Amino acid sequence: MKISTAEYFITESLNSIRRNGLMSLASLMTVALSLLILGVFIILVMNLNHMASVLESQVQVTVYLQDTLKEVEVREIGTRITKLPGVTRVNFIAKEEAMNRFKQRLGEQQGLLAELGEANPLPNSFEVKLDRPERVKPVALAIAQLKGVEAARYGQEVVEQLFSLTRMVRIFGVVLILFLGLAALFIIVNTIRLTVFARRREIGIMKYVGATDWFIRWPFIIEGVLLGFLGACIAVLPLTQFYSMLTGQVYESLAFLPLLPKYPFMGYVNIFLLCAGIGIGALGSVISVKKFLKV
Amino acid sequence: MIHLNEVTKVFDDGFVALSNVSLKIGKGEFAFVVGPSGAGKSTLIKLLFREQLVSAGEIIVNGRNLTELQPQEIPYFRRSLGIVFQDFRLLPDKNCYENVAFAMRVIEASRRDIQRRVKHVLDLVGLLPKAKIYPAQLSGGEQQRVAIARAIVNNPAVLIADEPTGNLDPETTWETMRIFERINQSGTTILMVTHDKPIVDQMMKRVIALENGRITRDESKGVYGYED
């Protein structure tokens, strides 16, 4: 492509945006609004996903040991658990440590324990962390078989509900994002088609004087890309503002809620939305022009 | 230049627009195509610049066999033709100069060539002083002259005109015809579809008459031959 041709394309697309001022504004706002909604859902889905994986990673098996074991036997059990597939960490919690934690959890009501005196009814235990939550059940069953193990506990129901919830959130999120993306594309195709329709005579004349299809397409594609990019910019600014406000609020008052930190998460979201805007604009133009090229 | 060999065009609804038409138009010729409405004149034009494809037979224009032309070759083929329509088909938001330059931009001519050629052809049709004026402010005759300038700006070997004087008054018609004649004298082949009896009768060029999709008459110095 010659530089003068590229220049011509850019001038043409800018002229077209200016000439169809109201229409361009409509496309711009459509892109902005669609991408804004898309962005909100991406933030929502990614954060739910993040929370789910944080919760998933917290899944662990607690192994209670019989009180009669000698130290060597305890160590032996520990090594055996470590060798099980999927086990990433094994922490030994001595009964004294368990009592301390229990006291801490009781807080002001520690007095309840006074009756026990020096006696400690809590057993020695292991906290076993696993690499994948699907492994919890088989590993727990395997540990329960070991000699000297009183019980291997895990929140079976909680874990299984969590699985189905996160799976649903993921599937629903992907479907929703696809759907919104398509809806945005559809609206943009229709808006650009109107500007193309207004110029169909021009396209016809271009074909008669021997313009190639790509020569005709380029100004429209540049127009679509510009509108898509600007629309995405309009969506990205309030979205970033909103997320930094949200994370600020949550960190202050709901610190236990594991939100994704603003950096680099919002950077990725913004880059994605800008690319989506550009892509949707370009694709929308190509689709809109297609019908009018058959002369 | 233009060679039709037993060309038949049947539309999807079964209407036969052209039936077994054979025709040869040599380099530098000036030929009128006449005939009543629905005779197949417009179809002939559409076939000639490959807006439509023949149903049977073959068409060769400028040495290219249009039946074998790939879709992506069509634009390059059309650059060897100039086309003028009854309704001018100028771009309303471009001035005269830009309308003519447009045909050269499409083929990615250099800026210097564009300036030189556009000025030259606007001068040829007598509109150089109005180069900066928009089509809406021009008379019909002037608009058609801009369209002619656009059609010849790329030096086509063949100029096809579809009732170019259909929307013009008699005086402007003659002005326009003189321009066509000058273009023809410089060696460009011209094929003109027309309903204009006086110009056909007076110019004494080749006349090809089409009726019901068939050639009924082909005379080297013919007349219109129909009552208006």
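One can find the structure itself at the top, above this paragraph.
Below or above, wherever it landed, is the structure these notes cover. (Residues numbered from 1 in each chain as written. Chains lettered and ligands numbered in written order. Predicted model: local features only at pLDDT ≥ 70, side-chain atom pairs only at ≥ 80, totals over all residues. Heavy atoms only, no water.)

**As for the overall build of chain A**
Now for step 1: Helix and strand counts for chain A stand at nine helices and four strands.
Now for step 2: Listed N to C, the secondary structure of chain A is α-α-β-α-β-α-β-α-β-α-α-α-α in terms of helices and strands.
Now for step 3: Counting all 295 residues of chain A, 43% fall into the buried class.
Now for step 4: Summarising the internal contacts of chain A: among those between residues at least 6 apart in sequence, 82% fall at separations of at least 24.
Now for step 5: As displayed, chain A has an accessible area near 16,900 Å², and 65% of this comes from carbon and sulfur atoms. (Helix = DSSP H or I, 4+ residues; strand = E, 2+ residues; numbered from the N terminus. Buried < 20%, exposed > 50% of the residue type's maximum accessible area, 1.4 Å probe, protein only. Contact = heavy atoms within 4.5 Å. Areas by Shrake-Rupley, 256 points an atom, 1.4 Å probe, with all protein chains shown as cover.)

**Comments concerning the nonpolar core**
Now for step 1: In this structure, Leu35 of chain A together with Phe32, Val118 and Phe180 of chain B are the most contacted members of the largest nonpolar core, which totals 88 residues.
Now for step 2: Element by element, the count of residues in this core is highest for helix H8 (residues 213-253) of chain A, at 10 residues. (Core = buried A, V, L, I, M, F, W, Y, C linked by side-chain atoms within 4.5 Å.)

**Thoughts on the pairing of strand S6 (residues 81-84) of chain B**
Walk down a regular strand and you will see the side chains alternate between the two sheet faces.
All names here are of chain B.
Now for step 1: On S6, burial covers both faces: Leu81 and Ile83 on one face and Gly82 and Val84 on the other are all buried.
Now for step 2: Summarising the sheet, S6 and strand S7 (residues 158-162) pair through four bridges and their orientation is parallel. Looking at S7, one finds that Ile83 is bridged to Ile160. (Pairing = 2+ DSSP bridges.)

**Details of unusual backbone geometry**
Now for step 1: The omega torsion of the bond from Tyr263 of chain A to Pro264 of chain A falls at 0 degrees, within 30 degrees of zero and hence cis.
Now for step 2: Inspection of the secondary structure assignment puts Pro264 of chain A in helix H9 (residues 262-290).
Now for step 3: Despite not being glycine, Glu108 of chain B has its phi angle at roughly 55 degrees, a positive value.
Now for step 4: For Glu108 of chain B, the position within the fold is in the loop between helix H3 (96-106) and helix H4 (111-124).

**Let's talk about the sheet that holds strand S1 (residues 2-10) of chain B**
All names here are of chain B.
Now for step 1: One open sheet accounts for four strands, arranged S2-S1-S4-S5; its pairing is antiparallel. One side of each edge strand has no neighbouring strand; the edge strands of this open sheet are strand S2 (16-25) and strand S5 (64-65).
Now for step 2: As judged from the six bridges shared by S1 and S2, these two strands associate in the antiparallel manner. The residue bridging Val10 from the neighbouring strand is Val16, located in S2.
Now for step 3: Against the sheet, helix H1 (residues 41-48) contacts S1, S2 and strand S4 (56-61), and its axis sits at roughly 120 degrees relative to S1. (Axes fitted to C-alpha atoms, helices over the stretch in contact; angles between N-to-C directions.)

**Overview of the packing of H8 of chain A against H9 of chain A**
Residue and element names in this part refer to chain A.
Now for step 1: Orientation of H8 relative to H9, taken along the N-to-C sense of each, is 155 degrees, at an axis distance of 7 Å. Put simply, H8 runs roughly antiparallel to H9. Along this stretch, H8 crosses H9, giving a crossing that reads as right-handed.
Now for step 2: Taken together, the residues that form the contact of H8 with H9 break down as 18 nonpolar, eight polar and two charged. (Parallel < 35°, antiparallel > 145°, perpendicular 65-115°, else oblique. Left-handed = near helix turned anticlockwise from the far one by under 90°. Nonpolar A, V, L, I, M, F, W, Y, C, P; charged D, E, K, R; others polar.)

**A closer look at the interface of chain B and chain A**
Now for step 1: Contact with chain B, which involves 22 residues of that partner, is made by 20 residues of chain A.
Now for step 2: Where chain B abuts chain A, roughly 2,000 Å² becomes buried across the two surfaces, and 56% of that area is made up of carbon and sulfur atoms.
Now for step 3: Of all residues in chain B, Arg78, Phe102 and Glu108 of chain B bury the most surface against chain A, accounting for 27% of the area lost on that side.
Now for step 4: For the interface between chain B and chain A, the tally reads two salt bridges.
Now for step 5: The partner of Glu7 of chain A in a salt bridge is Arg111 of chain B, with the nearest N and O atoms 3.2 Å apart.
Now for step 6: Contributions of two or more residues to the side of chain B that touches chain A are made by helix H2 (74-78) and H3 of chain B.
Now for step 7: Tallied by class, the residues present in the side of chain B that touches chain A amount to 11 nonpolar, one polar and 10 charged. (Buried area = accessible area lost by both parts, 1.4 Å probe. Salt bridge = Lys/Arg side-chain N within 4 Å of Asp/Glu carboxyl O.)

**Examining a nonpolar patch on the surface**
Residues and elements named next belong to chain A.
Now for step 1: Taken together, Leu22, Leu25, Met29 and Ile234 make up a surface patch of nonpolar side chains, about 410 Å² in accessible area.
Now for step 2: If you tally residues by element for the nonpolar patch, the top one is helix H2 (residues 21-57), at three residues.
Now for step 3: Position of Leu22 among the secondary structure elements: in helix H2. (Patch = residues over 30% accessible without salt bridge, like charges linked within 9 Å, V, L, I, M, F, W, Y side chains within 5 Å.)

**Digging into helix H5 (residues 136-145) of chain A**
Residues and elements named next belong to chain A.
Now for step 1: Among the residues of H5, Val136, Val139, Ala140 and Ile143 are the ones counted as buried. For H5, the buried positions fall inside an angular range of 100 degrees around the axis, keeping them on one side. In this structure, H5 carries Leu141 and Gln145 as exposed residues pointing more than 90 degrees from its buried face. (Arc of directions from axis to C-beta.)

**Thoughts on the packing of H3 of chain B against helix H5 (residues 140-152) of chain B**
Residues and elements named next belong to chain B.
Now for step 1: Following both chains from N to C, one finds H3 and H5 inclined at 25 degrees, their axes separated by 8 Å at the closest point. Taken as axis vectors, H3 and H5 run roughly parallel relative to one another. The hand of the H3/H5 crossing is right-handed. Listed contacts from H5 to Cys96, Asn99, Val100 and Ala103 of H3 are Val146, Ala149 and Arg150.
Now for step 2: Per-class residue counts for the contact of H3 with H5 are five nonpolar, one polar and one charged.

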